[in-house]
Amino acid sequence: LDDGFGKVVLITMDVTAIRARTISQNILSDSADNFMPDLRKQIEEEFNIPGCNVSVSASHTHQAPRLLCDDAAQINKILEAIKRALQNMVPVTIGVGSGYEDTITVNRTIMMKNGTDHTLSPYPPENEIEGLRPIDPEIGILRIDHLDGSPFAIVYNFACHLLLGSPKGNVGCITADHVGVTLKYLENNLGGETMAFFLQGAGGDINEIFGTDFNNRHRTNDFGTKLGQSVLKGYQEIITGPAKLKVVGKNIEFPFRTDIPSYISTLKQEQARLMASLNTSYAY
């Protein structure tokens, strides 16, 4: 995006996480710890765009490790995409708005009546459950049109977890998950050469309600289509016009837990106690 005074770069990647390799102990290893500073530095050097004007979003798909390439190739692919985008820029009008969808996601964190939280199966007895944590049903939408009013691009932001997998099944498949279905739905319905882009919201413990419905072969398509319909509804209510760019940045530092080793040790002791309680001696 360029308003004549400055440029902003929005990058979306089908990876599980951005620069989380060390903090997740290689569980989320899609991009290196120095990915963002290295990428921003190269964008500044090659395109003269301030690094603080570069935003990167991971879709958090679980079936596409490292974009099938190493760390250096990731950055090279992004630089090539930015180069192509700069070469193909056209005058546009922009509008922002929102959609709403609260029927396809659920918070997997269960609030227990004893004040604790529980997540993932096996689930506790229903009479011990207080309720569920909230979800974020809002869809942030950026509409970008040609000067003649025809669609050019749409960017949508939604909080989800991408655990459904490939519409064809996960064996041997690498997938953009339901994001790919939604993008195809939007691009087909808006027509022409419209481009659709997904920005991940605050997914956290928000899961798709079809996540454990493994017998439903259409679950990825159903979710992606339903979300696409809600995005399109919000999109159609947006009016575009001239716009100015403004970049606002804020750094937030979250403290890390330091008691994890001792907490795991306590859990192992409890596990050993429970296992020992299952050993019963019989006399014949």
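Please refer to the structure placed before this passage.
In this convention, every chain numbers its residues from 1, walking through the sequence in written order. Where totals are concerned, whole chains, interfaces and linings use all residues; where local detail is concerned, this predicted model gives features only for residues with pLDDT of at least 70, and gives and counts side-chain atom pairs only at 80 or more. Heavy atoms throughout the structure, all of them, feed into the side-chain values; hydrogens and water do not.

### Describing the overall build of the protein chain
On a plain count of helices and strands, the protein chain comes out with five helices and eleven strands. Along the first, second and third principal axes, the C-alpha set of the protein chain runs to 90 × 40 × 40 Å. Accessibility here uses a 1.4 Å probe with only protein chains present; expressed as a share of the type maximum, an area under 20% marks a residue as buried, one over 50% as exposed, and anything in between as partly exposed. Here the protein chain holds 284 residues, and 37% of them are scored as buried. In this tally, Asp and Glu contribute negative charge and Lys and Arg positive charge; neither His nor the terminal groups of the chain are included. By convention, charge coordinates are those of NZ in Lys, CZ in Arg, CG in Asp, or CD in Glu. Across the protein chain, the centroid of the 25 positively charged side chains sits 2 Å from that of the 33 negatively charged ones. The helix and strand labels rest on DSSP assignments: H or I over at least four residues marks a helix, E over at least two residues marks a strand, and numbering proceeds from the N terminus.

### Details of a nonpolar patch on the surface
On the surface, Leu1, Leu10 and Leu245 cluster together into a nonpolar patch covering about 210 Å² of accessible area. Its location among the elements puts Leu245 in the loop between α4 (219-236) and α5 (260-277). Each patch is assembled from residues with relative accessible area greater than 30% and no salt bridge, linking like charges that lie within 9 Å and nonpolar side chains (Val, Leu, Ile, Met, Phe, Trp, Tyr) that lie within 5 Å. Throughout, the Shrake-Rupley method with a 1.4 Å probe supplies accessible areas, and for residues the shown protein chains are the sole cover considered. Any carboxyl oxygen of Asp or Glu within 4 Å of a side-chain nitrogen of Lys or Arg constitutes a salt bridge here.

### Details of the nonpolar core
Think of a nonpolar core as a cluster: buried Ala, Val, Leu, Ile, Met, Phe, Trp, Tyr and Cys residues, connected wherever their side-chain atoms sit within 4.5 Å. Counting 22 residues, the largest nonpolar core has Ile154, Tyr156, Phe158, Leu227 and Val231 as the members making the most contacts within it. If you tally residues by element for this core, the top one is α4, at five residues. Membership of the second largest hydrophobic core comes to 18 residues, among which are Met13, Met36, Phe47 and Ile75.

### Topic: the pattern of salt bridges
Summed over all chains, the structure comprises seven salt bridges. Asp71 is the partner of Arg21 in a salt bridge, and the nearest nitrogen-oxygen pair spans 2.9 Å. Note that Arg21 is positioned in the loop between β1 (9-13) and α1 (35-47) and Asp71 in helix α2 (residues 71-87), a separation of 50 residues in sequence. Residue classification places Arg21 among the buried positions, given a relative accessible area of 15%.

### Notes on the sheet that holds strand β6 (residues 117-119)
Strands qualify as paired when DSSP identifies two bridges or more between them. Strand order in the open sheet formed by three strands is β6-β5-β7, with antiparallel pairing between adjacent strands. With partners counted over all chains shown, the strands left at the sheet margins are β6 and β7 (129-132), one partner each. With direction set aside, neighbouring strand axes in the sheet form an average angle of 35 degrees. The pairing of strand β5 (residues 109-112) with β7 spans three bridges and is antiparallel. Note on β7: the bridge partner recorded for Ile110 is Leu132. Orientation is described by axes fitted as lines to C-alpha atoms, over the contacting stretch for helices, and by angles from 0 to 180 degrees between their N-to-C directions.

### A short note on the environment of Gly203
The residue Gly203 is located in the loop between β10 (195-200) and β11 (206-208) in this model. Classification of Gly203 as buried rests on a relative accessible area of 8%. Residue contacts are counted whenever heavy atoms from the two residues lie within 4.5 Å of one another. Ignoring sequence-local partners within four residues, the contact set of Gly203 consists of Ala159 and Cys160.

### A closer look at the packing of helix α3 (residues 178-190) against α4
One can describe the packing of α3 onto α4 by two numbers: an axis separation of 8 Å at closest approach and a directional angle of 45 degrees. Comparing the axis directions of α3 and α4 gives the class oblique. Crossing of α3 against α4: the hand is right-handed. Here His178, Val181, Thr182, Tyr185, Leu186, Asn189 and Leu190 of α3 lie close against α4, whose contacting residues are Thr220, Asn221, Phe223, Gly224, Thr225, Leu227, Gly228, Gln229, Val231, Leu232 and Tyr235. Residues are grouped as follows: nonpolar covers Ala, Val, Leu, Ile, Met, Phe, Trp, Tyr, Cys and Pro; charged covers Asp, Glu, Lys and Arg; every other residue, Gly included, is treated as polar. Partitioned by chemical class, the residues of the contact of α3 with α4 number nine nonpolar, nine polar and no charged. Note that the term roughly parallel is reserved for angles under 35 degrees, roughly antiparallel for angles over 145, roughly perpendicular for angles of 65 to 115, and oblique for everything else. Crossing handedness: left-handed means the near helix sits turned counterclockwise from the far one by under a right angle, and right-handed means the same turn made clockwise.

Treat this as a map of the structure, not an account of what it does.
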